[in-house]
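# Descriptive structure summary
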Amino acid sequence: MATTDKYDRQLRLWGASGQRALGNTMVVLLGSSACGTETLKNLVLPGVGSFLVVDDGDEASSSEAAAAAQGVQKCPELDPSMLQFGEQSSNFFLPAPSKVATGGDDGNNHKKLSKAAISCALLSELNPDVLGFHYTVPSLEGLDYTALLEKIKQGPPSDGSSSSAATTTTLPQKILVIAADQPSTVTLPLSYECHNRSIPLLVVRSYGLLGYARIQTATPYHCITEAKKSNRIPDLRLSAWPLFEGLKNVASTVSNLDEMDDTKDHSHVPFVIVLLQALDKWRGTVSAPFNPDPAVRPRYPESFQEKEDFRKLVKGMAKNNNEINFEEAIREAHLTWVDGRVSDEVKEVLDRVDEKEFFASAVKSEMDVEGSATSSVPAHVLQFQLLALALKRFLKQNDDYPPLEGKIPDMTSDTARFVALQEAYQKQAEQDRATICEIAKALLDECKQASNGCDLHVSIPSDNEIVTFCKNSRYLRILETRPLFAEYKVQDPASPTLSILKPTSFENIPNFDTIQADARDDLQSAMFDPYETDPIQTPLLWWIALRACDAFYDRHEHYPGKHEQELALESDANEVYKFMTQIATNLGLSECDFIKEHLLDSSKGKDLAREVVRYDEAEIHNIAAVVGGVASQEAVKLITGQYVPFDDTYVYNGIASTAGVYRF
């Protein structure tokens, strides 16, 4: 790992834990297209641990067969001939075929480098801390993805150095697979294998002036501990009853603001104490009687008028118009009635975690001990589930209030009261974290008792991980997308490519019907928000056209537009349009007025088809750069568990420079 100075700017985004997660990840790129190399470039630069470029050769040859037999190879040394880009090159990381010396006294022994080797060498130059590997195969369509992914999971490649070997043995390797500009004959079996092995998959494509990125989350779901909401509400618990002991003690240091004669002292009382005293005064009004019984929750401002009256009361407590602390109190008055309990979104996340299922997944079976099988649930998900179960028990004990964050915002205050207030919140937060830790340990003890002496796949998280979880417990999220191969069957059930997969592949897909119904509702809602300037440029229409090109490929083993004759191009456009109408119907959009007007209308729909046929699978690097930039951002979110990735497909329309996110 490089020095922190090198990664200083990105550490401000995802912190040390995010950087560690990034450095402990191997990215597997299938296809060294412009879109793929752009995506990988943006992961190599911030310091992903290692990467593997897998691609087929330019042509079937004995040298490629020999390379395939050798398997995964280290990155070759950079050669000047690798920098000879042709005038028509559309990929800055894949120049014209290169020849480099391989040995011999006279240096005349040369061999042709594969696409995977060249792109690996050029990408490795961007960051010497990242290990690069390449693997050339005769054909990506005939590759055994079961064996490839299993081999990578069991023993990630190493450059042979002692440092990399130590890293490999001490840290569990994460894997992210990226499929770049690949046909369904590659993406569908790859999607199936990634789904079975709980490996996240990112499918990216640049097709003419269009492009998209599609996320397939690892099973059972992608956990997001640090959602990093931009409108985060300070966790001050002013609306909780009763107040925690530390806050009551600090608030009691100011008996009555109205009787405070020292104007300087009055103007430096923290707004937290101002709001608490204002609540006591407000409850003394006739409209909001205060119940002195501590077991009964007192009244808080509820209606719009009550909230306005409360703000006026706070304003009236100021001795003059120059007291900034009272201005802060008026601005933050909403904190006295904002409910600090966990939101419905968090409750939905917690409802997804079942205690019995966790116990079953966490216990190692005899097969696990022998090393012939592993838990179907990844270790980091089990750890998330353990803390989520601990949080569920904590909420039951604390009236649905999550652990306190322990952080207070900047405010106008004298030093003594601010420090006392800060210490009170920090102390309560530490007590809550200790409680969560105790509950988690108790859950592990229960799990061990039920395991009949077997070891567990999960252990107690580190202190830093528990702190992070508790601080973000109000914003926990999970993301679950439908597997790509299951989505494909819905959109094009007659595709011959589906015969590659076993019939049982489509059975027992979790939450398939729920995701299907939600996706259809979302798509129909999206049709009410078309691209305003020119509705025909709505990204969803172009995505349907791209999916129709895939359907064309499935039947003809090449994309439309291959033959330049006018009759052939028109024939391809007609067939693509036929697939477009079928896909729109299968998506449940055939009755949508927008689709009827702009796609099912043959004149407008065929114009879309002719445009994508005109592209002939062309690769334009600036489009690839946009899609690769977006895809790499989402990849970082998947790797670090921070920020919320899009759900589930990002579509970019370079014709009008517009984009949209859709669930399919």
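To be clear, the structure that these remarks concern was listed above.
In short, a report on the structure. (Residues numbered from 1 in each chain as written. Predicted model: local features only at pLDDT ≥ 70, side-chain atom pairs only at ≥ 80, totals over all residues. Heavy atoms only, no water.)

## Overview of the overall build of the protein
- For the protein, the count of helices and strands is 25 helices and 13 strands.
- Within the protein, contacts between residues at least 6 apart in sequence are counted, and of these 75% link residues at least 24 apart.
- A total of about 30,500 Å² of accessible surface is found on the protein, and carbon and sulfur atoms cover 49% of it. (Helix = DSSP H or I, 4+ residues; strand = E, 2+ residues; numbered from the N terminus. Contact = heavy atoms within 4.5 Å. Areas by Shrake-Rupley, 256 points an atom, 1.4 Å probe, with all protein chains shown as cover.)

## Re the sheet that holds strand E12 (residues 649-653)
- Reading across the sheet, the nine strands line up as E3-E6-E2-E1-E7-E8-E9-E12-E13 and stay open at both edges, with mixed pairing between neighbours. The two strands at the open ends of the sheet, each matched to only one other strand, are strand E3 (73-74) and strand E13 (658-662).
- Summarising the sheet, E3 and strand E6 (residues 131-137) pair through two bridges and their orientation is antiparallel. Opposite Lys74, over in E6, you have Phe133 as the bridge partner. (Pairing = 2+ DSSP bridges.)

## A short note on the packing of aromatic side chains
- Counted under the stated rule, the structure contains ten aromatic pairs.
- An angle of 75° between the planes, with centres 5.2 Å apart, marks the rings of Phe244 and Tyr425 as edge-to-face. Separated by 181 residues along the polypeptide, Phe244 in the loop between strand E10 (222-224) and helix H8 (245-251) and Tyr425 in helix H17 (residues 415-449) bring together distant segments of the chain.
- Given the relative accessible area of 13%, Phe244 is considered buried.
- Ring centres 4.7 Å apart and planes at 35° place the aromatic pair Tyr553 and Tyr559 in the tilted group. The two residues Tyr553 and Tyr559 agree in class, both being buried. (Phe/Tyr/Trp six-rings, centres within 6.5 Å; stacked < 30°, edge-to-face > 60°. Buried < 20%, exposed > 50% of the residue type's maximum accessible area, 1.4 Å probe, protein only.)

## Thoughts on the side chain of His558
- Along the polypeptide, His558 turns up in the loop between helix H21 (539-556) and helix H22 (566-586).
- A relative accessible area of 18% places His558 in the buried class.
- Setting aside residues up to four positions removed in sequence, His558 forms contacts with Phe552 and Tyr553.

## Some thoughts on the environment of Lys471
- Mapped onto the secondary structure, Lys471 falls in helix H18 (residues 463-471).
- Relative accessible area serves as the criterion here: at 38%, Lys471 is assigned to the partly exposed category.
- Separated by 67 residues in sequence, Lys471 and Leu404 place their C-alpha atoms 7.1 Å apart.
- Setting aside anything within four residues of it in sequence, one finds Lys471 in contact with Arg232 and Glu405.

## Comments concerning empty space enclosed by the protein
- Scanning the entire structure with this criterion turns up three cavities of 30 Å³ or more.
- Counted as a void, the largest cavity has a volume near 110 Å³.
- Around the largest cavity sit 17 residues that line it, and Thr187, Tyr212, Leu484, Arg547 and Asp550 are the ones nearest its centre.
- Those elements that provide at least two residues to the lining of the largest cavity are helix H7 (184-196), strand E8 (201-207), strand E9 (210-216), helix H19 (484-491) and H21.
- Per-class residue counts for the lining of the largest cavity are eight nonpolar, four polar and five charged. (1 Å grid on protein atoms, 1.4 Å probe; cavity = no way out; pocket = protein on both sides within 12 Å on 5 of 7 lines; lining within 4 Å. Points joined across faces, edges and corners; volume = space filled by probe spheres on them. Nonpolar A, V, L, I, M, F, W, Y, C, P; charged D, E, K, R; others polar.)

## Side note on the nonpolar core
- Formed by 73 residues in total, the largest nonpolar core has its most connected members in Val54, Val177, Leu190, Leu540, Ile544, Met580 and Ile595.
- For this core, the element with the highest residue contribution is H21, accounting for twelve residues.
- If we ignore the near neighbours within four places in the chain, the residues touching Val177 are Val28, Leu30, Leu149, Leu190, Cys194, Ile199, Pro200, Leu201 and Leu202. (Core = buried A, V, L, I, M, F, W, Y, C linked by side-chain atoms within 4.5 Å.)

## Notes on helix H5 (residues 145-154)
- Of all the residues in H5, the buried ones are Tyr145, Leu148, Leu149 and Ile152. Summarising the axial view, the buried residues of H5 lie within an arc of 90°, below the 170-degree limit, and thus occupy one face. Opposite the packed face of H5, turned more than 90 degrees from it, sit the exposed residues Lys151 and Gln154.
- The elements touched by buried residues of H5 are strand E1 (25-30), strand E2 (50-56), E6, strand E7 (174-180) and H7.
- Measuring from the side-chain oxygen of the N-cap residue of H5 to the backbone nitrogen of Thr146 gives 3.2 Å; that N-cap residue is Asp144. (Arc of directions from axis to C-beta. Polar contact = N/O pair within 3.5 Å; in protein donor to acceptor, adjacent residues only side chain to side chain.)

## What to know about unusual backbone geometry
- With an omega dihedral of 0°, the bond running from Thr219 to Pro220 counts as a cis peptide bond.
- Mapped onto the elements of the fold, Pro220 is located in the loop between E9 and E10.
- Pro242 follows Trp241 through a cis peptide bond whose omega is -5°.
- Tracing the sequence through the fold places Pro242 in the loop between E10 and H8.
- The phi angle at Ser198 is positive, at roughly 55°, despite the residue not being glycine.
- Checked against the element boundaries, Ser198 lands in the loop between H7 and E8.
- Take Ser198: its relative accessible area is 11%, and that puts it in the buried class.
- With phi around 55°, Ser657 is a residue other than glycine that occupies positive phi space.

## Re the environment of Glu619
- Tracing the sequence through the fold places Glu619 in the loop between helix H24 (602-615) and helix H25 (621-640).
- Among the residues examined, Glu619 registers a relative accessible area of 25% and is labelled partly exposed.
- If we skip the residues at most four places from it in the chain, Glu619 touches Ser33, Ala34, Cys35, Ser90 and Asp181.
- A distance of 2.9 Å separates a polar side-chain atom of Glu619 from the backbone nitrogen of Ala34.

## Some points on the pattern of salt bridges
- Applying the stated rule across the entire model yields 39 salt bridges.
- Taking the shortest distance from any N to any O, the salt bridge between Arg197 and Glu193 comes out at 2.6 Å.
- Residue classification places Glu193 among the buried positions, given a relative accessible area of 12%.
- Bridged by salt links that share partners, the residues Arg205, Arg214, Glu487, Arg547, Asp550 and Asp648 form one connected network. (Salt bridge = Lys/Arg side-chain N within 4 Å of Asp/Glu carboxyl O.)

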